[in-house]
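Residue strings, one per chain:
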Amino acid sequence: MLQRLSSFTTCQRAAATFLPSSLSLRPILSAQSPQSLPTIQSQPTTTTTQIRPRSSRSTRGLFDGRDVRFGNNVPFSLKKTRRKWSPNVQHKVLYSEVLDELIKFKVTTGALRSIDKMGGLDNYLLNSKHVKELKTKGVGKEGQGQQVRNRIVQKLKHQERLKR
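Here's what I pulled together on the structure shown here.

What counts and how
- All residue numbers refer to position in the chain's written sequence, counted from 1.
- Confidence filtering applies because this is a predicted model: local features only for residues at pLDDT of at least 70, side-chain atom pairs given and counted only at 80 or more, and all residues used for totals across whole chains, interfaces and linings.
- With hydrogens and water excluded, all non-hydrogen atoms of the structure serve as input to the side-chain values.
- By the criteria applied, helices consist of DSSP H or I runs no shorter than four residues and strands consist of E runs no shorter than two, each listed in order from the N terminus.
- For every residue, the accessible area obtained with a 1.4 Å probe (protein chains only) is divided by the maximum for its type, and the residue is called buried under 20%, exposed over 50%, and partly exposed between those limits.
- All accessible areas in this document rest on Shrake-Rupley with a 1.4 Å probe, and a residue is counted as covered only by the protein chains that are shown.
- Along the arc lie the directions from the helix axis toward the C-beta atoms.
- Whether two residues are in contact is decided by their heavy atoms: any pair within 4.5 Å suffices.
- We call a set of buried residues a nonpolar core when its members are Ala, Val, Leu, Ile, Met, Phe, Trp, Tyr or Cys and they connect through side-chain atoms within 4.5 Å of each other.
- Any Lys or Arg side-chain nitrogen located within 4 Å of an Asp or Glu carboxyl oxygen qualifies as a salt bridge.

### A look at the overall build of the protein
Each helix and strand counted, the protein has six helices and four strands in total. Starting at the N terminus and walking to the C terminus, you meet the elements of the protein as α-α-β-β-β-β-α-α-α-α. Considering the protein as a whole, with its 164 residues, one finds that 22% of them fall into the buried category. Carbon and sulfur atoms make up 54% of the accessible area of the protein, which totals about 13,400 Å².

Quick look at the structure:
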């Protein structure tokens, strides 16, 4: 038995084990013309994304989508015990160029990296989906990041009006 299977290639082996000998691998629809096939009406589909509830803790700072996560400790004996992983939160004072002031934030280290990548606090607050999502989805109360973002937008609109 081993000698006979080893002479087959992997494709032949799979076909030999799963397909009866009366069936072939050629497509069955080749004899039908395209006009005889039924047409499928496509309807616009609306995808709804489930809104994950934000903790009140993550609205009090810039958490960049991070929150407390829960899981299990699994030792060698496989006796699972519940535990939680907290985000790495730092207390930092960040500078806003538009507002020309220092602002205290609770910030995760991931948010600090995102702020550096986006070119500063103002760009992060204006462009980050994690700051915008609380406002657009109407989830909970306005967070500290959203409040500072609103001040930046007002200041930019005011500067634009003065230029005209």
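### A word on helix α3 (residues 109–118)
Along α3, the positions that sit buried rather than exposed are Gly-110, Ala-111, Ser-114 and Ile-115. Projected down its long axis, α3 shows its buried positions confined to an angular sector of 140°, all on one face. Residues of α3 that are exposed and point more than 90 degrees away from the buried face comprise Arg-113, Asp-116 and Lys-117. Of the surrounding elements, those touching the buried residues of α3 are β3 (89–96), β4 (101–108) and α4 (121–127). In the stretch just after α3, Gly-119 is the one whose phi turns positive, near 90°.

### Looking at the environment of Tyr-95
Mapped onto the secondary structure, Tyr-95 falls in strand β3. C-alpha of Tyr-95 to C-alpha of Leu-121: the two residues are 26 residues apart in sequence and 6.9 Å apart in space. Leaving out residues up to four positions away in the same chain, Tyr-95 has contacts with Asp-100, Glu-101, Leu-102 and Leu-121.

### Observations regarding the nonpolar core
General note: in soluble globular proteins, nonpolar side chains tend to be found buried as a group. One finds Leu-62, Leu-94, Phe-105, Leu-121, Tyr-124, Leu-125 and Val-148 to be the most contacted residues of the largest nonpolar core, which totals 15 residues. When residues of this core are traced back to their parent elements, those giving at least two are β4, α3, α4 and α6 (144–163). Dropping the residues within four chain positions of it, Leu-125 is found in contact with Leu-62, Val-131, Gly-145, Val-148, Arg-149 and Ile-152.

### Some thoughts on the pattern of salt bridges
Under the counting rule described, the total for this entry stands at three salt bridges. One salt bridge in this structure joins Asp-64 and Arg-66, with 3.6 Å as the shortest N-O distance. A residue is classified by how much of its surface remains accessible, and Asp-64, at 12% relative accessible area, is buried. For Arg-66, a relative accessible area of 41% translates into the label partly exposed. Here Glu-101 makes a salt bridge to Arg-151, at a shortest N to O gap of 2.9 Å. Placement of the pair is Glu-101 in strand β4 and Arg-151 in helix α6, with a sequence separation of 50 residues. Taking relative accessible area as the criterion, Glu-101 reaches 28% and is therefore assigned partly exposed.

### Notes on unusual backbone geometry
Non-glycine residue Asp-64 carries a positive phi angle of around 55°. Checked against the element boundaries, Asp-64 lands in the loop between α2 (10–18) and β1 (69–73). One non-glycine residue with positive phi stands out, namely Leu-78, at about 65°. One can find Leu-78 in the loop between β1 and β2 (81–85). The exposed category is assigned to Leu-78, whose relative accessible area is 62%.

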